[in-house]
Amino acid sequence: MKEEGRCDLDIMRNSSSHHTELYGEERLIVRRGQPFIILLRLKPGNKEGVPYVFMSISVFSGPVPRTESGTKVSFGLRDSTVDSEWSASATNDPSGNTVSVSISSSPNAPIGVYSLTLDQGGQKTSLGQFILLFNAWCSRDAVYMRSETKRQEYVLAQYGQIYRGTYRRIKGKPWNFGQFEPGVLDICLKILDENPKCISDADKDCSGRRNPIYVTRVLSAMINSNDDRGVLVGNWGEVLDGVHPGTWIGSGDILRQWAESGPVRYGQCWVFAALACTVSRALGIPCRVVTNFQSAHDTNGNLMIEKLYDERGKRMSNADSIWNFHVWVDSWMTRPDLGPEFDGWQASDPTPQEKSEGVFCCGPSSLKAIREGDLTKKYDAPFIFAEVNADVVDLVCLSNGETVKFRDSTDSNYVGCFISTKAVGSDERHDITHQYKYPEGSKEERQVYEKAQHHNKLQQLGEEPGLTLKVFFTIKLAKNMSVGSDFEVYTVLTNNCLEARTCTFLFFAEAVSYNGKLGNSCGFVSDKVEVPSGEERRLFLRLDYDRYGSVITSDRLIKLSAIAIDKQVAEYHKAEKTIVLDEPDIEIELLGEATVNQSVTAELTLWNPLPKSLQDCSFTVEGVGLTNGKPITARIGTVDPEQEAKARVKFSPTSAGSRVLLANFDSNNLKNIKSSINVVVKE
């Protein structure tokens, strides 16, 4: 209880009932549409209590609070609170020394920092400040979510898995969202305050914060720094300064760096998405990180990815591309602007790819609109639809200026598959492809695609009628394809024609980034072969580390392309496959029991699989409730070939319960290696 005549915000009790205790007990943080209790200590001699008829309460938020904008509200006491607007009621404590005041905020109130003032017959007293958040537990709130297990996952969970790799080898990587770490909520509110819309019209922006659609769109723009003083700078090339995107294992360190010194270098799609998830959950919006494998980037909006090749089978650069994977977020909310049938998950993408309304942002777009191909529904439905459902056409550009289609192509043309997010309550992968699209090739999927084409006023570019597959093409992989090893792959050309065919047979291996950008060659072989009817020919390609090690990125991806050219009939056949090289594991061992406020040591070990030394080696660990909200790095210098990198890291847990310790290994030639271990902390 505070001094006489003052207010007790009863933080512990309110935090428990509002599911905000994880933010700490330093200040009052509540969720909208739900009552919270404050206690007023009466002055000596005022035993009759408060003359309620003369008492009113005011709340105001933002730099220019206005009643018309909903950022300034005054209301008197009544017999009981109501759940549809700001209201308050009061009861006397039996001792007569205190009055308990129940205040209920509007379920449509703008989120943010509020000041609380008591007016007694014209005498105004400041009662302090509180932070108001979205409320997934309130049925009148736009972000209401019925399931408690889902609320625990999508609002309260501070640890998650982000899926990467290729659709044939999906790998979950741990991430520390850390939305309840000290200082993170303040930084999230600072992101809203520094967005250009707030700077140009603070009144309108703060009023707009009642709407999770508006807030999500602002975050989509502010997580990247392309148009503003946003959080993160993207880099898909060589990193010569800043932090390599693959090094990060949590959001907190990035957000703190931004708050201190501005845009942070660097991030890629999964880092942008993880930050958006952290900020959304911190503000109370249910949010999940989503990975789309074989993700199309359609730059001209025709819902078609055109891949161009020259007559020798080499890929030509053009704006359209297919990413091995792309990561964004889904946020849960109603869509009164679209209609109730579009409520639920909404996709938004903070990775700066294309501009929307003049700004690098994307979404939120209803998953139901995307699934049904209803591309008139805002925001950015055509772009997201194309990411998961565009068609692909492979074209050969002939020297005479004409183009011809490849007669067949495999693996590369399946856009939008194995769309993945972490399962509720476990680290298992949950496939949500069906929430974004109908089954590939189904009648419904084709109808949706044609509907989408109609919305775009474009005609579908279909296959030529009566075209039959005459050559069967596949690529076969080795069993052991770990980084640092040498291995062999081969392609098989089968002739299903009635007569023999003579073809030029090409087999390429090229480094590729996860966003589909091709790098340097790391292998090539060719042959001219005659294939009798019903028979097959094989072409082998050896991939040596000495050749691929210097050209692959930290994604450890190699794209294999096999092409057969029959110039007699001007036919081109193609097969593609992207392989992800296996990486060494980080072994984490806890040396002793973990106890609150007592030092414990984690031993980290990684075997160097490369035939050369690793320089500038380090392990970094981080964990909510384990490392006091900050990463801890142990630098170990050089590790020789086929030797172990080993380090010990000490940390003191700050809270009891089940926790997760995340680890990252970094070096000059081996990056982006992550692991985690569950830690049970005792009181």
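For clarity, every value in this text was computed on a predicted model and none was experimentally measured. (Residues numbered from 1 in each chain as written. Predicted model: local features only at pLDDT ≥ 70, side-chain atom pairs only at ≥ 80, totals over all residues. Heavy atoms only, no water.)

### A short note on the overall build of the protein chain
- Looking only at helices and strands, the protein chain features 13 helices and 40 strands.
- Its C-alpha atoms give the protein chain a radius of gyration of 29 Å, within 12% of the compact-globule value 26 Å for 683 residues.
- Its C-alpha atoms give the protein chain principal-axis dimensions of about 110 × 60 × 40 Å.
- For the protein chain, the residues scored as buried account for 57% of the 683 residues in total.
- A separation threshold of at least 6 residues defines the contact pool for the protein chain, and within that pool the share at least 24 residues apart is 66%.
- Summed over all atoms, the accessible surface of the protein chain reaches about 28,300 Å², with 47% contributed by carbon and sulfur.
- Charge separation in the protein chain, taken as the distance between the mean sites of 77 positive and 88 negative side-chain charges, equals 2 Å. (Helix = DSSP H or I, 4+ residues; strand = E, 2+ residues; numbered from the N terminus. Rg over C-alpha atoms; globule rule 2.2 N^0.38 Å. Buried < 20%, exposed > 50% of the residue type's maximum accessible area, 1.4 Å probe, protein only. Contact = heavy atoms within 4.5 Å. Areas by Shrake-Rupley, 256 points an atom, 1.4 Å probe, with all protein chains shown as cover. Lys, Arg positive; Asp, Glu negative; His and termini not counted. Charge placed at Lys NZ, Arg CZ, Asp CG, Glu CD.)

### Considering the pattern of salt bridges
- Applying the stated rule across the entire model yields 42 salt bridges.
- Residues glutamate 593 and lysine 682 are paired through a salt bridge, measuring 3.0 Å at the closest nitrogen-oxygen approach. With glutamate 593 in the loop between β33 (587–591) and β34 (594–595) and lysine 682 in strand β40 (residues 673–682), the pair connects residues that are 89 residues apart, well separated along the chain.
- Residue glutamate 593 is classed as exposed on the basis of its relative accessible area, which comes to 55%.
- Since its relative accessible area comes to 41%, lysine 682 is described here as partly exposed.
- Here glutamate 644 makes a salt bridge to lysine 646, at a shortest N to O gap of 3.8 Å. (Salt bridge = Lys/Arg side-chain N within 4 Å of Asp/Glu carboxyl O.)

### Regarding the packing of aromatic side chains
- Tallied over the entire structure, the rule returns 24 aromatic pairs.
- Between tryptophan 236 and phenylalanine 272 the ring centres are 6.3 Å apart and the planes differ by 15°, which places this aromatic pair in the stacked class. Taken as a pair, tryptophan 236 in the loop between β12 (232–234) and α7 (252–261) and phenylalanine 272 in helix α8 (residues 269–283) lie far apart in primary sequence, 36 residues in all.
- On the basis of an interplanar angle of 80° and a centroid distance of 6.1 Å, the ring pair of phenylalanine 406 and tyrosine 572 is categorised as edge-to-face. On the criterion of sequence distance, the pair formed by phenylalanine 406 in the loop between β23 (403–405) and β24 (417–422) and tyrosine 572 in strand β32 (residues 571–580) is long-range, its members being 166 residues apart. (Phe/Tyr/Trp six-rings, centres within 6.5 Å; stacked < 30°, edge-to-face > 60°.)

### Side note on the UniProt feature "binding site: Ca(2+)" (unreviewed entry) in the protein chain
- Taking the numbering used here, the UniProt-annotated feature "binding site: Ca(2+)" (unreviewed entry) corresponds to Asn389, Asp391, Glu440 and Glu445. These annotated residues cover 57 residues of sequence, but their C-alpha atoms sit close together, with the largest distance between any two at 11.4 Å.
- In this fold, glutamate 440 is placed in the loop between α11 (433–436) and α12 (443–455).
- The exposure class of glutamate 440 is partly exposed, given its relative accessible area of 36%.
- Counting through the fold element by element, glutamate 445 comes out in helix α12. (UniProt positions renumbered as here; feature names shortened; annotations may be inferred.)

### Considerations on the UniProt feature "domain: Transglutaminase-like" (unreviewed entry) in the protein chain
- The UniProt record annotates "domain: Transglutaminase-like" (unreviewed entry) at residues 261–352.
- Taken end to end, residues 261–352 has its terminal C-alpha atoms 21 Å apart, with 17% of it in helix and 45% in strand.

### Details of the nonpolar core
- In this structure, Leu185, Trp270, Leu283 and Tyr436 are the most contacted members of the largest nonpolar core, which totals 97 residues.
- The element best represented in this core is α8, accounting for 12 residues.
- Beyond its immediate sequence surroundings of up to four residues, leucine 283 is in contact with Ile111, Leu133, Phe134, Leu185, Cys188, Leu189, Leu192, Val215 and Leu219.
- The next biggest cluster of nonpolar side chains, apart from the first, holds 55 residues, and it includes Phe487, Ile558, Val649 and Ala663. (Core = buried A, V, L, I, M, F, W, Y, C linked by side-chain atoms within 4.5 Å.)

### Observations regarding the side chain of glutamate 181
- Mapped onto the elements of the fold, glutamate 181 is located in the loop between β11 (169–176) and α3 (184–193).
- In terms of polar contacts, glutamate 181 uses its side chain to reach the side chain of asparagine 176, at 3.2 Å.
- Filtering out sequence-adjacent residues up to four positions away, glutamate 181 remains in contact with Gln158, Asn176, Gly252, Arg256, Glu622, Val624 and Gly629. (Polar contact = N/O pair within 3.5 Å; in protein donor to acceptor, adjacent residues only side chain to side chain.)

### Description of the confidence of the model for the protein chain
- When the pLDDT values of the protein chain are averaged, the result is 91; 94% of them are 70 or greater.
- Every residue in residues 1–5 scores below 50 in pLDDT, and together they form 12 contacts with partners more than four places removed in sequence or on other chains.
- Taken together, the stretch residues 458–469 has pLDDT below 50 and engages in 16 contacts with residues farther than four places along the chain or on a different chain. (pLDDT = per-residue confidence, 0-100.)

### Observations regarding the sheet that holds strand β31 (residues 557–566)
- In spatial order, the strands read β29-β28-β31-β32; together these four strands make up an open sheet with antiparallel pairing. Each of the sheet's edge strands pairs with one partner strand only, and the pair in question is β29 (518–531) and β32. Within this sheet the neighbouring strands show an average axis-to-axis angle of 15°, counted without direction.
- Strand direction decides the pairing type here: strand β28 (residues 501–512) and β31, joined by eight bridges, are antiparallel. Note on β31: the bridge partner recorded for phenylalanine 508 is serine 561. (Pairing = 2+ DSSP bridges. Axes fitted to C-alpha atoms, helices over the stretch in contact; angles between N-to-C directions.)

### What to know about the packing of α3 against α8
- In the contact formed by α3 and α8, the axes pass within 10 Å of each other and the chain directions differ by 100°. By the angle class used here, α3 and α8 are roughly perpendicular. Every residue of α8 that contacts α3 at Val184, Leu185, Cys188, Leu189, Ile191 and Leu192 is listed here: Thr278, Val279, Ala282 and Leu283.
- Looking at the contact of α3 with α8, its residues break down into nine nonpolar, one polar and no charged. (Parallel < 35°, antiparallel > 145°, perpendicular 65-115°, else oblique. Nonpolar A, V, L, I, M, F, W, Y, C, P; charged D, E, K, R; others polar.)

### Describing helix α6 (residues 212–222)
- Most of α6 sits inside the fold, with 10 of its 11 residues counted as buried.
- The complete set of buried residues in α6 reads Pro212, Ile213, Val215, Thr216, Arg217, Val218, Leu219, Ser220, Ala221 and Met222.
- The backbone nitrogen of isoleucine 213 has a side-chain oxygen 2.9 Å away, supplied by the residue at the start of α6, namely asparagine 211.

### Concerning the state of the cysteines
- A full pass over the atoms with the stated rule returns zero disulfides.
- The cysteine cysteine 287 is free of any disulfide, with cysteine 277 supplying the nearest cysteine sulfur at 4.1 Å. (Disulfide = S-S within 2.5 Å.)

### A short note on the environment of aspartate 203
- Here aspartate 203 is to be found in helix α5 (residues 202–208).
- In this structure aspartate 203 comes out as buried when scored by relative accessible area, which is 17%.
- For the pair aspartate 203 and glycine 70, spaced 133 residues apart in sequence, the C-alpha to C-alpha distance is 9.7 Å.
- Engagement of the side chain of aspartate 203 in a polar contact is seen with the side chain of arginine 66, the distance being 2.9 Å.

### Some remarks on the sheet that holds strand β3 (residues 35–41)
- The nine strands lie next to each other as β1-β3-β7-β6-β5-β4-β8-β9-β2, forming an open sheet whose pairing is mixed. Each end of this open sheet is capped by a strand with a single partner; those strands are β1 (7–8) and β2 (28–31).
- The pairing of strand β4 (residues 55–61) with strand β8 (residues 112–120) spans seven bridges and is antiparallel. If you follow phenylalanine 60 over to β8, its bridge partner there is serine 115.

### Describing the environment of proline 350
- Structurally, proline 350 is set in the loop between β18 (344–348) and β19 (355–356).
- Here the alpha-carbon distance between proline 350 and arginine 66, two residues 284 residues apart in the chain, equals 31 Å.
- Ignoring any residue separated from it by four or fewer positions in sequence, one finds proline 350 in contact with Ser220, Ile223, Asn224, Phe272, Ala273 and Ala276.

### So, the pairing of β29
- In terms of strand pairing, β28 meets β29 through 11 bridges, oriented antiparallel. Pairing of cysteine 503 across the sheet is with valine 529, part of β29.

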